[in-house]
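The chain contents come next:
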Amino acid sequence: MTFRVGLIGSGNISETHARAAAETEGVELVACWGRNPDASAKLAQTFGATSFASLDALVNHRPLDAVLVGTPSGVHAEHALAAVRHGVHALVEKPLDITLAKVDVLLAESERRGTRVGVFFQDRTAPDLVWLKQLIESGGLGTPVIASTSVRWYRPPEYYAGSHWRGTKALDGGGALMNQGTHSVDLLLWLFGDVARVSSFARTALHRIEVEDTLVASLEFRNGAVGTFEVTTAAYPGFPRRMAFTGTEGSVVVEGDRVTEIALRTTPASPPPQRAGNTSASSSSPVVADVEGHKRVLRDFVAAVRDGRAPLCDGREGRRSVALAEAMYESARTGKIVEL
């Protein structure tokens, strides 16, 4: 049966969602609504959908199985909630929202209505990172010892100046951490486990924005491991994300979404997939050229709805990265170690 989806949002990421839907077998894009009616109408025309004049009209459209939410971060939960209240599932662009308070309202309503909420954390589907997840879970890395994450990206001044919401506290929730860093926060939690305590420092080093463009944090994981996390949009010209994971049985290094170094006491049963391509596109541009990750997330979400199971990254999982980001911001604001 065809799985019918609607777009909420009309910016760059909504075009990515539209492309992912168009290229996913069994999925049909049927409805579009966004703050910019001209952009929404253009998306609808391009992808053979109907453009609606209001969010309420879109979520009342039938047949409609799910919405793909790509509006500014600070209204993600609000827009997903509008769908959920009408019995429609919601797959939301990262982050799930910018505060736990709004996330929790959405999750409570979703549970009450029996709908599914998922988050576009497509890095969880990258073949190398799936391999690493399996390696860690099977004990191949041993007991976790230390993890480091470096997201040294660059965004030019016009990236913020040309947007009504980026770099604002109300709609972006923060700067480099909440926007560019959230994928890496999710990966850190997914691969190494929950964080118990955090201490962080934030700066607005380069851009004229309300929030930080640079943040560093020290982490203590519940499993006893420690870690560091740094993120910035002020590192010209932008460099691939680098993550390094060390356990008692060795270390693995990731650049972008590829495993680039493996040093283990015991050779793993199978190596990570070898793939060609650019691992650093996001380091200097917000435009998503490769939609394969979004397609994998969408396929999993459709299957989860049909099978009555949780998607790869459901709302509860998506909540974890928001909680850690909030704690990092609180520590930077107060100068204190924050416990989660």
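Residues numbered from 1 in each chain as written. Predicted model: local features only at pLDDT ≥ 70, side-chain atom pairs only at ≥ 80, totals over all residues. Heavy atoms only, no water.

Colleague: Would you mind going over the overall build of the protein with me for this structure?
Modeller: A tally of regular secondary structure across the protein gives 10 helices and 14 strands. At 20 Å, the protein has a C-alpha radius of gyration in line with the 20 Å of a compact globule built from 340 residues. Across the protein, every contact between residues at least 6 apart in sequence was considered, and the portion connecting residues at least 24 apart equals 71%. (Helix = DSSP H or I, 4+ residues; strand = E, 2+ residues; numbered from the N terminus. Rg over C-alpha atoms; globule rule 2.2 N^0.38 Å. Contact = heavy atoms within 4.5 Å.)

Colleague: Got a minute to help me understand the pairing of strand β4 (residues 66-69) in this structure?
Modeller: Along any regular strand the residues' side chains alternate between the sheet's two faces. Of the two faces of β4, the one carrying A66 and L68 and the one carrying V67 and V69 are both buried. Pairing of strand β1 (residues 3-8) with β4 involves 4 bridges; the strand directions are parallel. By the bridge assignment, V5 is partnered in β4 with A66. With 4 bridges connecting them, β4 and strand β5 (residues 89-93) associate as parallel partners. Bridging across to β5, L68 finds its partner in L91. (Buried < 20%, exposed > 50% of the residue type's maximum accessible area, 1.4 Å probe, protein only. Pairing = 2+ DSSP bridges.)

Colleague: Quick question: what am I supposed to make of the sheet that holds β5 here?
Modeller: Remark on secondary structure: sheet strands pair via backbone hydrogen bonds, oriented parallel or antiparallel. Spatial strand order, β3-β2-β1-β4-β5-β6: 6 strands in an open sheet with parallel pairing. At either end of the open sheet lies a strand with only one pairing partner, and these are β3 (50-51) and β6 (117-120). By the bridge criterion, 6 bridges tie β1 to strand β2 (residues 27-33) in an arrangement that is parallel. Within β2, the residue paired with V5 across the bridge is L29.

Colleague: Looking at this structure, I do not really get the nonpolar core. What am I missing?
Modeller: Side chains of a nonpolar character, in soluble globular proteins, are inclined to be buried together. Counting residues in each nonpolar core, the largest one holds 42 residues, and the members touching the most others are L132, L177, L188, L219, F229, F245 and M328. In contact with F245, not counting residues within four places along its chain, are L132, L141, I146, A147, L188, L191, F192, G250, S251 and V252. Ranked by size, the runner-up nonpolar core spans 30 residues in total, among them F52, L107, F121 and C313. (Core = buried A, V, L, I, M, F, W, Y, C linked by side-chain atoms within 4.5 Å.)

Colleague: Looking at this model, I keep getting lost on the sheet that holds strand β7 (residues 144-152). Mind explaining?
Modeller: With respect to topology, 8 strands assemble into an open sheet ordered β13-β12-β11-β7-β10-β9-β8-β14, the strand pairing being mixed. Where the open sheet ends on each side, the last strands, each with one partner, are β13 (258-264) and β14 (338-339). Note: β7 against strand β11 (residues 242-247), 6 bridges, orientation antiparallel. Bridge assignment links P144 to a residue of β11, and that residue is G247. Packing against the sheet, helix α6 (residues 127-137) makes contact with β11, β12 (250-255) and β13, and its axis sits at approximately 30° to β13. Where helix α10 (residues 315-334) meets the sheet, it contacts β8 (195-203), β9 (214-221), β10 (226-232) and β14, and its direction lies at approximately 55° from that of β8. (Axes fitted to C-alpha atoms, helices over the stretch in contact; angles between N-to-C directions.)

Colleague: Where do I start with the environment of P127 in this structure?
Modeller: When you line up the elements, P127 lands in helix α6. C-alpha of P127 to C-alpha of R258: the two residues are 131 residues apart in sequence and 8.2 Å apart in space.

Colleague: Looking at this model, I keep getting lost on the side chain of H76. Mind explaining?
Modeller: Within the secondary structure layout, H76 lies in helix α4 (residues 76-84). For H76, a relative accessible area of 1% gives the class buried. If sequence neighbours within four positions are ignored, H76 has contacts with V69, T71, V92, E93, K94, P95, L96 and D97.

Colleague: Hey, could you run me through the side chain of T115 in this one?
Modeller: Relative to the helices and strands, T115 resides in the loop between α5 (100-113) and β6. If near-sequence neighbours (up to four positions away) are discounted, T115 is found in contact with V84, G87, V88, H89 and S110.

Colleague: Whenever I open this one, α10 confuses me. Can you help?
Modeller: The α-helix winds at 3.6 residues per turn, so residues separated by three or four positions along the chain end up facing the same way. When the terminal C-alpha atoms of α10 are compared, their 28 Å separation across 20 residues agrees well with the 28 Å that a helix rising 1.5 Å per residue should span. For α10, the capping residue at the N-terminal end is D314, with a side-chain oxygen 3.3 Å from the backbone nitrogen of R316. Phi turns positive one or two residues past the end of α10, at G335, with a value near 75°. (Expected span 1.5 Å × (residues − 1). Polar contact = N/O pair within 3.5 Å; in protein donor to acceptor, adjacent residues only side chain to side chain.)

Colleague: Help me understand the pattern of salt bridges in this model?
Modeller: With the rule as written, the count across this model stands at 21 salt bridges. Linking D104 and R319 is a salt bridge whose minimum nitrogen-to-oxygen distance equals 2.7 Å. One end of the pair, D104, is in helix α5; the other, R319, is in helix α10, and 215 residues separate them in sequence. For D104, a relative accessible area of 29% gives the class partly exposed. A relative accessible area of 25% places R319 in the partly exposed class. A salt bridge links R124 to E317, with the shortest nitrogen-to-oxygen separation between them at 2.8 Å. Pair noted here: R124 is in the loop between β6 and α6 and E317 is in helix α10, with a separation of 193 residues, a long-range link. Since its relative accessible area comes to 2%, R124 is described here as buried. Assessed through its relative accessible area of 23%, E317 is described here as partly exposed. (Salt bridge = Lys/Arg side-chain N within 4 Å of Asp/Glu carboxyl O.)

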